[in-house]
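# Working through the structure, step by step
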Amino acid sequence: MSSTTFSGDETAPFFGFLGAAAALVFSCMGAAYGTAKSGVGVASMGVMRPELVMKSIVPVVMAGVLGIYGLIIAVIISTGINPKAKSYYLFDGYAHLSSGLACGLAGLSAGMAIGIVGDAGVRANAQQPKLFVGMILILIFAEALALYGLIVGIILSSRAGQSRAD
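Being a predicted model, the structure only gives us computed values, none of them experimental.

## So, the UniProt feature "transmembrane region" (unreviewed entry) in the protein chain
Within this numbering scheme, the UniProt entry marks residues 12-36, 57-77, 97-119 and 131-156 as carrying the feature "transmembrane region" (unreviewed entry). Annotated as 96% helix and 0% strand, the span residues 131-156 places its first and last C-alpha atoms 38 Å apart.

The following block contains the structure:
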């Protein structure tokens, strides 16, 4: 054993950092997919009705927010990993891993939904302007899925450090 004063499980930070990476990577994948898919719809619609382009950017902005959710959880997790200051056990690593996966995969799913709805919605809105409110409502419900993941991720992350009384 080395002379460091590490306390806790030595592999636990791996799982914590994996959770931080998962939160950011999966959320950004959802944001990228939603932005790309919605952007294609905006570009296609912009050819027919260029005056509606700015109104149709809403799905692109909503998809971009998903990456911020992953960033928030990644920062929360990474600031909670300091095994030299406080013992970090496998329970803590698993709590952070599950936190990152909850937020990241919810963000990925929401990004896919926002991309598909955004693409079809802006094209349909170009042909029938009355569909705009319905499209926005569907996008809000899709964004809420990622918000649920963020909330669960924060709750799970807060459980880290509660495994043992130090």
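## Some details on the nonpolar core
If you look at the biggest cluster of nonpolar residues, it comprises 25 residues, and the most contacted ones within it are Leu 66, Tyr 69, Ile 73, Ile 114, Met 135 and Leu 139. Ignoring any residue separated from it by four or fewer positions in sequence, one finds Ile 73 in contact with Ala 23, Ser 99, Gly 100, Cys 103, Leu 150, Gly 153 and Ile 154.

## Considering the pattern of salt bridges
Per the counting criterion, the structure on display carries 3 salt bridges. With a shortest N-O distance of 2.7 Å, Glu 51 and Arg 49 are connected by a salt bridge. For the salt bridge of Asp 119 with Arg 123, the shortest nitrogen-to-oxygen distance reads 2.7 Å. With Asp 119 and Arg 123 both in helix α3 (residues 90-127) and 4 residues apart, this pair spans about one turn of that helix. What makes Arg 123 partly exposed here is its relative accessible area of 32%. Through salt bridges that share partners, Lys 37, Asp 119 and Arg 123 make up one connected network.

About the cut-offs
- Residues numbered from 1 in each chain as written.
- Predicted model: local features only at pLDDT ≥ 70, side-chain atom pairs only at ≥ 80, totals over all residues.
- Heavy atoms only, no water.
- UniProt positions renumbered as here; feature names shortened; annotations may be inferred.
- Helix = DSSP H or I, 4+ residues; strand = E, 2+ residues; numbered from the N terminus.
- Core = buried A, V, L, I, M, F, W, Y, C linked by side-chain atoms within 4.5 Å.
- Buried < 20%, exposed > 50% of the residue type's maximum accessible area, 1.4 Å probe, protein only.
- Contact = heavy atoms within 4.5 Å.
- Salt bridge = Lys/Arg side-chain N within 4 Å of Asp/Glu carboxyl O.

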